[in-house]
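# Report on the structure
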Amino acid sequence: MPALRDPCPCGLPRTYLQCCGALHAGAPAADAEALMRSRYSAYVRRDEAYLLASWHASTRPPSLDLAAQQPAPTWLGLDVKRHVPEGDRAVVEFVARLRYGGGKAQRMHEVSRFVREDGRWYYLDGDLDD
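Source: prediction; values computed, not measured. (Residues numbered from 1 in each chain as written. Predicted model: local features only at pLDDT ≥ 70, side-chain atom pairs only at ≥ 80, totals over all residues. Heavy atoms only, no water.)

Moving on, we get to the overall build of the protein. The helix and strand inventory of the protein stands at 3 helices and 4 strands. Listing each helix as α and each strand as β along the protein from the N terminus yields α-α-α-β-β-β-β. By the compact-globule yardstick of 14 Å for 130 residues, the protein fits well, its C-alpha radius of gyration being 14 Å. Looking at the protein as a whole, 38% of its 130 residues are labelled buried. Between the mean site of the 17 positive side-chain charges and the mean site of the 17 negative ones, the protein shows a separation of 6 Å. (Helix = DSSP H or I, 4+ residues; strand = E, 2+ residues; numbered from the N terminus. Rg over C-alpha atoms; globule rule 2.2 N^0.38 Å. Buried < 20%, exposed > 50% of the residue type's maximum accessible area, 1.4 Å probe, protein only. Lys, Arg positive; Asp, Glu negative; His and termini not counted. Charge placed at Lys NZ, Arg CZ, Asp CG, Glu CD.)

What follows is about the packing of aromatic side chains. Under the criterion given, the structure shown has 4 aromatic pairs. A centroid spacing of 5.7 Å and a plane angle of 80° characterise the contact between Tyr40 and Trp75, whose relative ring orientation is edge-to-face. Residue Tyr40 is found in helix H2 (residues 32-45), and its partner Trp75 is found in strand S1 (residues 73-86); the two are separated by 35 residues along the sequence. By relative accessible area, Trp75 is classed as buried at 18%. Ring centres 5.7 Å apart and planes at 70° place the aromatic pair Phe114 and Tyr123 in the edge-to-face group. Here Phe114 matches Tyr123 in class, with each residue buried. Connected via pairs of aromatic rings, a cluster forms that spans Tyr40, Tyr43 and Trp75. The ring of Tyr16 carries the charged tip of Arg45 above its face, separated from the ring centre by 4.2 Å. (Phe/Tyr/Trp six-rings, centres within 6.5 Å; stacked < 30°, edge-to-face > 60°. Lys NZ or Arg CZ within 6 Å of the ring centre and 35° of its normal.)

Below, the structure written as structure tokens:
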């Protein structure tokens, strides 16, 4: 259970409980960027249930097997490059930094697509760019 003052992993200057923790507890994301940040925080916290619930049913995998990742990634930070809302669709470009075991830090650059249905945003898919 996170402490009240733990910083949010998504990088915004808020506590986890004031930021992504509210979304992980069931609150809807205000926009696609907020959902993307909450998904990053869910990866940091290894919250597979939230990741699957926030993934659109048309593209959602049956599981992510986060517990089986060996070595598990250590997430080092998130940089949102752009957020382009277009009605019930949006694009969010971001760079996440991570490290596997004692290895060298890596960057994951993705342009993600989101869709809003019944007032809730969902991750649809994304393109990785090296």
